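# Coordinate inspection notes
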Amino acid sequence: MKPAKKKNEFDKKFYIKWMVIAMTAIWAAIAAVWLSMHNWDTEESMKALAQAFTEQPAETEQQEQAPAEEESAVKEETAATEETEQPEEQPEEQPKEEAPAPAPKDATVYPEIDQLPSEPTVVNGILLANKQHPLPETYAPGENAEARAAFDSMAQAAAKDGLQLVAFSTYREFARQKQLYEGYVAKDGQEAADRYSARPGFSEHQTGLAFDIGEAGQEQHWASASFGDTAGGKWVKKNAHNYGFILRYPQGKEQITGYMHESWHFRYVGKEAATAIYNQNITLEEYLGI
Ligand SMILES: [Zn+2]
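Residue positions are counted from 1 within each chain, in the order its sequence is given. Thresholds applied to this predicted model are a pLDDT of at least 70 for local features of residues and 80 or more for the giving and counting of side-chain atom pairs; totals over whole chains, interfaces and linings are not thresholded and use all residues.

### Details of unusual backbone geometry
Positive phi outside glycine occurs at Asn-124, with the angle close to 50°. For the purposes of this entry, the term helix denotes a DSSP run of H or I that reaches at least four residues, the term strand denotes a run of E that reaches at least two, and both are numbered from the N terminus. Secondary-structure assignment places Asn-124 in the loop between strand S1 (121-123) and strand S2 (126-128). At Ala-223, a position not held by glycine, the phi torsion is positive, near 55°. Summarising the element assignment, Ala-223 is placed in the loop between strand S4 (210-215) and helix H6 (231-239).

### Quick word on the environment of Tyr-243
Its location among the elements puts Tyr-243 in the loop between H6 and strand S5 (245-249). Neighbour density around each residue's C-beta defines its exposure: 20 or more other C-beta atoms within 10 Å make it buried, 12 or fewer make it exposed, and counts between make it partly exposed, where C-beta atoms are placed from the backbone. By C-beta crowding, Tyr-243 is classed as buried, having 23 other C-beta atoms within 10 Å. For the pair Tyr-243 and Ala-149, spaced 94 residues apart in the sequence, the C-alpha separation amounts to 9.3 Å. Filtering out sequence-adjacent residues up to four positions away, Tyr-243 remains in contact with Ala-150, Ser-153 and Met-154. Note on contacts: residues are paired as contacts if their backbone-placed C-beta atoms lie within 7 Å.

### Observations concerning H6
Every α-helical turn comprises 3.6 residues, leaving residues that sit three or four positions apart pointing alike. Those residues of H6 that fall on the buried side of the exposure criterion are Gly-232, Gly-233 and Val-236. Along the axis of H6, the buried residues cluster in a sector spanning 100°; they form a single face. The inward-facing, buried residues of H6 contact strand S3 (165-169), S4 and strand S6 (262-268). Regarding the arc, it is the one traced by the directions from the helix axis to the C-beta atoms.

### With respect to the pairing of S4
In terms of residue burial, S4 counts as a mostly covered element, since 5 of its 6 residues are buried. Strand pairing is assigned whenever DSSP identifies at least 2 bridges connecting the two strands. Sheet topology places S3 next to S4; 4 bridges connect them, and they run antiparallel. Bridge pairing links Val-166 to Gly-214 in S4. As paired strands, S4 and S6 are joined by 3 bridges and run antiparallel to one another. Within S6, the residue paired with Asp-212 across the bridge is His-265.

### Some words on the confidence of the model for the protein chain
Predictor confidence is given residue by residue as pLDDT, running from a minimum of 0 to a maximum of 100. Chain-level pLDDT for the protein chain is 80 on average; 65% of the residues reach the 70-or-more range. In this model, residues 55-89 is a region of pLDDT below 50 whose contacts with residues beyond four sequence positions or in other chains number 0 contacts.

### Things to note about the nonpolar core
In this description, a nonpolar core means buried residues of the types Ala, Val, Leu, Ile, Met, Phe, Trp, Tyr and Cys, linked to one another by C-beta atoms lying within 7 Å. Counting residues in hydrophobic clusters, the biggest one holds 32 residues, and the most contacted among them are Met-154, Phe-211, Ala-240, Phe-245, Ile-246 and Phe-266. In terms of residue count, helix H3 (residues 145-160) provides more of this core than any other element does, 5 residues in total. In contact with Phe-266, not counting residues within four places along its chain, are Phe-211, Ile-213, Val-236, Ala-240, Phe-245, Ile-246, Leu-247 and Arg-248.

### Considering the sheet that holds S5
Across the sheet, 4 strands lie side by side as S3-S4-S6-S5; this open sheet has antiparallel pairing. Each having just a single partner strand, S3 and S5 make up the two edges of the open sheet. Strand-to-strand twist in this sheet, taken as the mean axis angle between neighbours without regard to direction, amounts to 50°. Lines fitted to C-alpha atoms define the axes, with helix axes restricted to the stretch in contact, and inter-axis angles between N-to-C directions lie between 0 and 180 degrees. The sheet contacts of H3 involve S3, S4, S5 and S6, and relative to S3 the element is tilted by about 145°.

### Some words on helix H8 (residues 271-280)
For H8, the complete set of buried residues consists of Ala-273, Ala-274 and Ile-277. Down the axis, H8 shows its buried residues gathered within 100° of arc, on one side only. Exposed and facing more than 90 degrees away from the buried side of H8 are Glu-272 and Asn-279. Taken together, the buried residues of H8 touch S2, S5 and helix H9 (284-288). Once H8 ends, the next one or two residues include Asn-281, with phi positive near 55°.

If you want it as structure tokens, here you go:
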């Protein structure tokens, strides 16, 4: 037993001895490598070692700061989204403030009324008929003589340019409009009919001041959007205001006029109003400020 114990003790001492030698050798090697990295300068190596230890906390500080920066960035982002939300709300409010009387969107929608008015609407001396301003059922002035004379003058001027203009539909009495509208509803349904035809009492043709214009021999373009692309259609659009007529339902103004674009439908309003409306590129509703 004793010899065995002695041998154990001997092994233990032997092991510790070589462990110390090995550790010393490793540390010496590390020190040698560190010194060699700093040109074998002991002072420089010690400074570098000190820096290595002091830099570590500095790095952790930076790491700690980083999330703080991220947080502030997030705050800025939320602040930015809060800011952008505000202008989004503003345009919604602005049209409400700017829009006079009826909102533009309502122009295509008929008001819920029990009966037609007893008097027509006249604004600044101009008779107005649209979906918000219907005419009395009894309003039956016939074709307006002044408007007819103005059309004839325009047709003569167009003839000099080789264009034979025709007013294929002008005054339409209440009963006729009723008949037409009811036919359209039966054919296409009320929703579709309301987009291209006026309900009785709401048609501008009942004023005697609306002229549907086309070209003789070009019947395929009558009451069609294609008329606007023909020589005759372009001529009338460009010159009508000189004779007191306006393109009543221009492109992109459906929300204001209540009707989709009609390249053939012109309305007599007199030279002064027609010229102002043409030059300002506005609608009759905008001109009258309603
Ligand atoms: Zn018309």
